[in-house]
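What follows is the residue order along each chain.
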Amino acid sequence: MIKIYGIPNCDTVRKAVKWLEENEIAHEFIDYRRNSLARSEIENWDKAIGWEAFLNKRSTAWRPLDQSVKDNINRESALKLMLEKVTLIKRPVLVNGNDVFLGFKPEMYQEIFA
């Protein structure tokens, strides 16, 4: 089962879900604001694509962080922060078996599900 993680009011997440629906691809949407993520989930994402890829430094949750936190970010602190403030995770995160994909572009999804 395809899993797509994000928040429902994100335009990019809505576009990705709409694309999956229009292409009749069965999926489960996981709102990670309502359903907390397990550490093991983001550790799997880290193994697949690296924490640096899915840490959203353009997020409104990133800006107010203390500069010392930003300057000293590492894998451990990033994973902890993303579990505490899920809006620090770029979205959507699409999980297809062991494969993890970040973001949404119709061409990318077309290739994934070709």
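See above for the structure.
The structure reproduced in this document is the subject of the present report. In this text the structure is predicted, and so the values were computed from the model without any measurement.

The rules behind these values
Residues numbered from 1 in each chain as written. Predicted model: local features only at pLDDT ≥ 70, side-chain atom pairs only at ≥ 80, totals over all residues. Heavy atoms only, no water. Salt bridge = Lys/Arg side-chain N within 4 Å of Asp/Glu carboxyl O. Helix = DSSP H or I, 4+ residues; strand = E, 2+ residues; numbered from the N terminus. Buried < 20%, exposed > 50% of the residue type's maximum accessible area, 1.4 Å probe, protein only. Pairing = 2+ DSSP bridges. Right-handed = clockwise from strand over helix to strand, strands pointing away. Arc of directions from axis to C-beta. Contact = heavy atoms within 4.5 Å. Axes fitted to C-alpha atoms, helices over the stretch in contact; angles between N-to-C directions. Parallel < 35°, antiparallel > 145°, perpendicular 65-115°, else oblique. Left-handed = near helix turned anticlockwise from the far one by under 90°. Nonpolar A, V, L, I, M, F, W, Y, C, P; charged D, E, K, R; others polar. Phe/Tyr/Trp six-rings, centres within 6.5 Å; stacked < 30°, edge-to-face > 60°.

## Side note on the pattern of salt bridges
Where charged atoms from two side chains of opposite charge come close, those side chains can pair. For the coordinates displayed, the defined rule picks out six salt bridges. In this structure, the salt-bridge partner of E43 is R39, at a minimum N-O distance of 2.8 Å. Pair noted here: E43 and R39 are both in helix α2 (residues 39-49), with a separation of four residues, about one helical turn. A salt bridge links K80 to E84, with the shortest nitrogen-to-oxygen separation between them at 3.5 Å. Here E84 and K80 lie together in helix α5 (residues 75-84), a separation of four residues that amounts to about one turn. Under the relative-accessibility criterion, E84 is labelled exposed at 51%.

## Structural notes on the pairing of strand β2 (residues 27-31)
In terms of strand pairing, strand β1 (residues 2-6) meets β2 through five bridges, oriented parallel. Looking at the pairing, Y5 lines up with I30 of β2. Handedness of the crossover is the feature at issue here: the chain leaves β1, passes through helix α1 (residues 11-22), returns alongside β2, and the resulting connection is right-handed.

## Things to note about α5
Here α5 has its buried residues at A78, L79, L81 and M82. Looking straight down α5, one finds that the buried residues subtend no more than 165° of arc, so they occupy a single side. Buried residues along α5 sit against α2, α3 (51-54) and α4 (67-71).

## Topic: the packing of α2 against α5
For the pair α2 and α5, the least separation of the axes is 10 Å and the interaxial angle reads 130°. When the axis of α2 is compared with that of α5, the two are oblique. In this structure, α2 crosses over α5, and the sense of that crossing is right-handed. Of the residues in α5, those in contact with R39, I42, E43 and D46 of α2 are R75, E76, L79, K80, M82 and L83. Residue composition of the contact of α2 with α5, by class: four nonpolar, no polar and six charged.

## Quick look at the packing of aromatic side chains
For the coordinates displayed, the defined rule picks out six aromatic pairs. Geometrically, the ring pair formed by W19 and Y109 is edge-to-face, given 5.5 Å between the ring centres and 90° between the ring planes. Here W19, found in helix α1, pairs with Y109, found in helix α6 (residues 106-112); they are 90 residues apart in sequence, far enough to count as distant. According to the relative accessible area criterion, Y109 is buried, its value standing at 0%. Seen from their ring centres, F104 and Y109 are 4.7 Å apart, and the 90° between their planes marks the pair as edge-to-face. Each residue in the set W19, F104, Y109 and F113 is aromatic and connected to the rest through ring pairs, giving one cluster.

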